[in-house]
Amino acid sequence: MKTHSYAQQLAATRSAGFTHLPIGGFTISQLLQSQSLNDIRSQALDAGVQLGHYDGFTDWAPVRFDPSLPEAAQAVFDFSDEQCLEYCNQLGLKSICATGAFLLGQFSVNQLSDGFAAFCLKAAEYNIRVDLEFIPMWGVANLNLAWRIVQASGATNAGILFDTWHFLRGDADFTALNQLPSDAITCVQLADAADSTKQMPLMEDCLGYRRPPGEGDLPLAKVGEILRKQVRVHSIGPEVFSNVLDRLEAEQASRRVAKACQATFPEYDWPAGAD
């Protein structure tokens with residue numbers, strides 16, 4: 001719901017029966033132009049919604065982003081670890097989605113795991129989890145690399161954020177997924193995609209052409225069967241960037257996605273609002 005306001009997103013979250021709405025540094029900074037952090041949190045609570053994880057943190061790595069990223073993308077990630085943790089503390093966020101916006105191969109696993117470990121220690125002081133998300137377009141490009149970083153860090157408050165679109169539009173390494181320990185994945189994001197957009201640039205496909213679960217061609221059932229073995233998942237929900245959904249009313253879009261999640265992954269405890 002990239003085109004909808006914060007208030008509309010909160011209303012849509014509640015309308016579909018979801019309990020949490022993720023929020024990132026750029027959105028927070030925009031809202032702070034007219035209100036306080038306490039106002040942002042209160043607005044969510046008044047809407048019957050908890051703010052979920054901090055979405056898109058990169059300052060754990062040696063660089064926040066590569067200079068080749070578009071300015072709009074740089075603005076999303078241009079927040080320090082101190083800013084991120086302060087936002088989390090004031091807004092009551094209990095987890096952080098970390099990722100890497102640098103180039104693949106730019107840094108060694110040792111460099112990345114050391115930086116990740118250091119940030120996880122800081123987050124632990126606030127009792128905050130850190131979920132590392134792999135994104136095929138950037139420096140932490142696949143599940144195997146993300147797990148190597150998390151494992152080498154030794155952080156006890158860390159795990160993998162597994163996005164079905166990123167996995168299946170990336171290397172789709174089912175061997176790596178099957179070989180993960182049962183406590184490796186801590187957060188899951190669901191999205192589908194059509195075969196017809198597979199030849200697009202990955203970023204364009206990712207940000208505009210995702211589909212609700214079950215409305216595309218990805219083998220989500222195969223992924224879901226393996227994910228059920230993961231015992232430490234604290235959050236599961238949709239992340240469907242879609243130009244089509246952006247043209248709908250926010251509540252209509254959220255209800256459609258909620259129903260799709262329920263139909264495709266009925267084994268999970270989806271909200272009553274998805275009925």
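Fair warning: this is a prediction, and the values are worked out from it, not measured in the lab. (Residues numbered from 1 in each chain as written. Predicted model: local features only at pLDDT ≥ 70, side-chain atom pairs only at ≥ 80, totals over all residues. Heavy atoms only, no water.)

### A closer look at the packing of aromatic side chains
Link 1 in the chain: Considering all chains together, one arrives at 11 aromatic pairs under this definition.
Link 2 in the chain: Relative to phenylalanine 102, the ring of tryptophan 60 lies with its centre 6.4 Å away and its plane at 75°, an arrangement referred to as edge-to-face. Within this pair, whereas tryptophan 60 is found in the loop between β2 (50-57) and α4 (71-77), its partner phenylalanine 102 is found in the loop between β3 (95-98) and α6 (109-124), the two being separated by 42 residues in sequence. Take tryptophan 60 and phenylalanine 102: they sit in the same class, and that class is buried. (Phe/Tyr/Trp six-rings, centres within 6.5 Å; stacked < 30°, edge-to-face > 60°. Helix = DSSP H or I, 4+ residues; strand = E, 2+ residues; numbered from the N terminus. Buried < 20%, exposed > 50% of the residue type's maximum accessible area, 1.4 Å probe, protein only.)

### Thoughts on the nonpolar core
Link 1 in the chain: Ranked by internal contacts, the top residues of the largest apolar core, which has 76 residues, are Tyr54, Trp60, Phe116 and Leu177.
Link 2 in the chain: Counting residues in each nonpolar core, the second largest holds 7 residues, with Phe65, Leu69, Ala73 and Trp138 among its members. (Core = buried A, V, L, I, M, F, W, Y, C linked by side-chain atoms within 4.5 Å.)

### Re the sheet that holds β2
Backbone hydrogen bonds hold the strands of a sheet together, and the pairing may be parallel or antiparallel.
Link 1 in the chain: Strand order in the open sheet made by the 7 strands is β1-β2-β3-β4-β5-β6-β7, with parallel pairing throughout. Each edge of the open sheet carries a strand with a single partner, namely β1 (20-23) and β7 (235-238). Shown here is a sheet whose adjacent strand axes are inclined to one another by a mean of 25°, direction ignored.
Link 2 in the chain: One ladder, built from 4 bridges, connects strand β6 (residues 185-190) with β7; its direction is parallel. Counterpart to glutamine 189 in the pairing with β7 is glycine 237.
Link 3 in the chain: Those strands touched by helix α1 (residues 6-15) are β1 and β2, and its axis lies near 150° from that of β1. (Pairing = 2+ DSSP bridges. Axes fitted to C-alpha atoms, helices over the stretch in contact; angles between N-to-C directions. Contact = heavy atoms within 4.5 Å.)

### What about helix α3 (residues 37-46)?
Link 1 in the chain: Residues Leu37, Ile40 and Ala44 constitute the buried set of α3. Projected onto a plane normal to the axis of α3, the buried residues spread over an arc of 65° and lie on a single side. Structural note: α3 exposes Asn38 and Asp46 on the side pointing more than 90 degrees away from its buried face.
Link 2 in the chain: Tucked inside the fold, the buried residues of α3 contact α1, β1, α2 (25-31), β2 and α5 (81-91).
Link 3 in the chain: Two residues or fewer after α3 comes glycine 48, characterised by a positive phi angle close to 80°. (Arc of directions from axis to C-beta.)

### With respect to the pairing of β2
Link 1 in the chain: By the criterion of burial, β2 is predominantly enclosed, with 6 of the 8 residues buried.
Link 2 in the chain: As judged from the 3 bridges shared by β1 and β2, these two strands associate in the parallel manner. Following the sheet pairing, isoleucine 23 is matched in β2 by tyrosine 54.

Shape descriptors only; they carry no functional weight alone.
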